[in-house]
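# Chain and residue survey
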Amino acid sequence: MEPLKTSSFSRTSPSPASPRASAAEADLVVEGGRLVTPEGVTEGSVVVRDGRIAALVAPGGPLPAGPRLDARGRYILPGLIDSHVHFRTPGLEHKETWENGSRAALAGGVTTVMDMPNTRPPSLDTASLRAKAALIAGRSYVDHRFHMGADPDHPEVLAHLDPAVATSAKAFMAGHHTAPVVFREAHQLEAAFASAARGGVRLVLHAEDQHVFDLLDSRGGDPDTYAGYEPHRPRSGAIVAVAKVVQLARTHGTKVHILHVSSAEETDLLVAAAGEGLPISFEVTGHHLSFTDHDTARRGPRTRLSPAIRAPRDRERLWQAVLGGEASTIGSDHAPHTVEEKNRPPAEAPPGLPGVQELAVSVWTGMLARGMEPDTAAAHLARLMGTGPADLFDLAGKGRLTVGADADLALLDPSERWQMSAAHVESLCGWSAYEGWMFTGRFTTVVRAGRIAWDLARGTVGEPVGRWLPGPALPAQDHLRTETPAVQARELEGAAR
């Protein structure tokens, strides 16, 4: 591929020989890159009009007049989707702000995020989601959708959830520092699965079993070293939880997406369940593909996570799931904390790390290190952070480099070698678990809705005009789903929080 151009944006005028050229002028022409489409990877250019992809043009084909973005030497990916972030709004903005989180997303090639509900107050109903959207308006550089929180005390809300507001709900089966509510009792979890099935809601789950952890805790105290952290929160908790989820999905037919799968055994169970025809999918995080428990023992709080980072054999099984098409998505679980919070003693340091900026490049680096051809790696990235999450969560117009889709584009220089440092971190927390890593691949330009939103040389350009993305409209005959007395009462309670 040709070397990266240092100056890649220019404006052209209509040709005098083409009097109609001005009428057909494009808003932007991304010229001469390697297009990563659902049908394959090929050379070409992208024509953008009115915020959408108007045409994909093969080399030598006619291109309209309009501003040019030189993409030679780079892959043109669809704007990537991170379906698992914690941007900490509202209530936890000392850890992260939406402005910083969305800047970090752009630096990582991400133009759409799905934010989790464990904020203060938590987002447990549509009223709180609407309030959250209003709070974020004018502050986001990326488009966004929210996972609502599943409430053990009000599982009936899931049966009446308006898909225009949310199509998914997050359920915590184990607690940690920021988990707002936890499904501790079997009857609560069963009720949530039944209600979600009636409402067509996809449950996204933190699948670790709190009872397993409570039982283990009764035999010993908290670990006083990071070498003892993984044994303190072992794979058995996740395996038991996944087995419960599989049985509930079989009973109720609930759509289920398991988050941050961490072990080989979980992976095998979930692959078998999907093979049986159950509506189960799962996510692998960048950090579970990048680190092992040896890193946590050596580096301490930066990779103190929930679920814990596990053994090298688990990391290799997760890579198999990613590269073999068994995993549906990869996510960052972007969950920043301040340096002061992370430097507390092992039992008190909160789990989580910033990751939306590092996700795609860390996975890209890992794929190339495993001997994968760049075209194949690009296709995997477009599936795991494009079509996969777009299809699961009804993100219309997102995740595909196709005519008619939103003109969200991420230009990746596939071969640039660079070392991550704290100076590169866009997250408010100012640190990264990947500091000192040598990455291969870097996003040089990111386009959102047909406008350049990120340029590596200059940082963010444009304005924070990212949109809250509506889900599919509720069919007219289903209007009663959002009007039951229980739901009205629940929304009034949420609005008063």
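Residues numbered from 1 in each chain as written. Predicted model: local features only at pLDDT ≥ 70, side-chain atom pairs only at ≥ 80, totals over all residues. Heavy atoms only, no water.

### Focus on the overall build of the chain
The number of helices and strands found in the chain is 14 helices and 19 strands. Taking 2.2 N^0.38 as the reference for a compact globule, 497 residues should give roughly 23 Å; the C-alpha atoms of the chain span a radius of gyration of 22 Å, in line with that estimate. Seen through its principal axes, the chain has C-alpha atoms that stretch 80 × 55 × 45 Å. Put simply, the chain has 497 residues, and 59% of those count as buried. In the chain, once contacts between residues fewer than 6 apart in sequence are set aside, the share between residues at least 24 apart is 75%. For the chain, the accessible area works out to roughly 18,300 Å², and carbon and sulfur atoms hold 53% of it. Charge centroids of the chain, computed over 50 positive and 59 negative side chains, lie 2 Å from each other. (Helix = DSSP H or I, 4+ residues; strand = E, 2+ residues; numbered from the N terminus. Rg over C-alpha atoms; globule rule 2.2 N^0.38 Å. Buried < 20%, exposed > 50% of the residue type's maximum accessible area, 1.4 Å probe, protein only. Contact = heavy atoms within 4.5 Å. Areas by Shrake-Rupley, 256 points an atom, 1.4 Å probe, with all protein chains shown as cover. Lys, Arg positive; Asp, Glu negative; His and termini not counted. Charge placed at Lys NZ, Arg CZ, Asp CG, Glu CD.)

### Concerning the pairing of strand β6 (residues 75–78)
Two elements, strand β2 (residues 28–37) and β6, share 2 bridges in a ladder whose sense is parallel. Directly across from Leu35, in β6, lies its bridge partner Ile76. Where β6 meets strand β16 (residues 409–419), 4 bridges bridge the pair, whose relative direction is antiparallel. Directly across from Ile76, in β16, lies its bridge partner Leu411. (Pairing = 2+ DSSP bridges.)

### Quick notes on the sheet that holds strand β7 (residues 80–85)
Here 3 strands make up an open sheet; going across it, the order is β7-β8-β9 and the pairing parallel. Two strands in the sheet have a free side with no partner beyond their single neighbour: β7 and β9 (143–146). The average angle at which neighbouring strand axes cross in this sheet is 20°, direction not considered. Strand direction decides the pairing type here: β7 and strand β8 (residues 110–115), joined by 4 bridges, are parallel. Looking at the pairing, Val85 lines up with Asp115 of β8. (Axes fitted to C-alpha atoms, helices over the stretch in contact; angles between N-to-C directions.)

### Overview of the confidence of the model for the chain
Of the residues in the chain, 90% have a pLDDT of 70 or more, and the chain-wide mean is 91. Below pLDDT 50 for its whole length, residues 11–23 participates in 12 contacts with residues either more than four positions away or in separate chains. (pLDDT = per-residue confidence, 0-100.)

### What about the side chain of Asp455?
Within the fold, Asp455 resides in strand β18 (residues 451–455). At 3.1 Å, the side chain of Asp455 and the backbone nitrogen of Ala457 are in polar contact. Within the structure, Asp455 has its side chain in polar contact with the backbone nitrogen of Arg458 (distance 3.1 Å). (Polar contact = N/O pair within 3.5 Å; in protein donor to acceptor, adjacent residues only side chain to side chain.)

### Examining the packing of helix α3 (residues 186–199) against helix α6 (residues 235–252)
Axis separation between α3 and α6 bottoms out at 10 Å; the angle between their running directions is 45°. Between α3 and α6, the crossing angle belongs to the class labelled oblique. The hand of the α3/α6 crossing is right-handed. Together, Leu189, Glu190, Phe193, Ala194 and Ala197 of α3 and Val245, Leu248, Ala249, Thr251 and His252 of α6 make up the contact between the two elements. Its residues placed into classes, the contact of α3 with α6 shows 7 nonpolar, 2 polar and 1 charged. (Parallel < 35°, antiparallel > 145°, perpendicular 65-115°, else oblique. Left-handed = near helix turned anticlockwise from the far one by under 90°. Nonpolar A, V, L, I, M, F, W, Y, C, P; charged D, E, K, R; others polar.)

### Section: the nonpolar core
Membership of the largest hydrophobic core comes to 92 residues, with the highest contact counts inside it found for Leu205, Ile258 and Ile330. Core analysis: the next-biggest nonpolar cluster, separate from the first, contains 16 residues, Val30, Leu35, Val46 and Ala71 among them. (Core = buried A, V, L, I, M, F, W, Y, C linked by side-chain atoms within 4.5 Å.)

### Let's talk about the packing of α6 against helix α7 (residues 264–275)
Contact geometry of α6 with α7 gives a least axis separation of 9 Å together with a crossing angle of 10°. Classified by the interaxial angle, the pair formed by α6 and α7 is roughly parallel. For the pair α6 and α7, the contacting residues are Arg235, Ala238, Ile239, Val242 and Val246 in the first and Ala264, Glu265, Glu266, Leu269, Leu270 and Ala273 in the second.

### Let's talk about the pairing of β2
For β2, the buried fraction is high: 8 of the 10 residues fall into the buried class. Bridging between β2 and strand β3 (residues 40–49) involves 8 bridges; their strand directions are antiparallel. Paired with Arg34 across the bridge in β3 is Glu43. Linking β2 back to β3 in an antiparallel pair, the connection comprises 2 residues. Two elements, β2 and strand β5 (residues 67–70), share 3 bridges in a ladder whose sense is parallel. Bridging from a neighbouring strand, Val29 pairs with Arg68 of β5.

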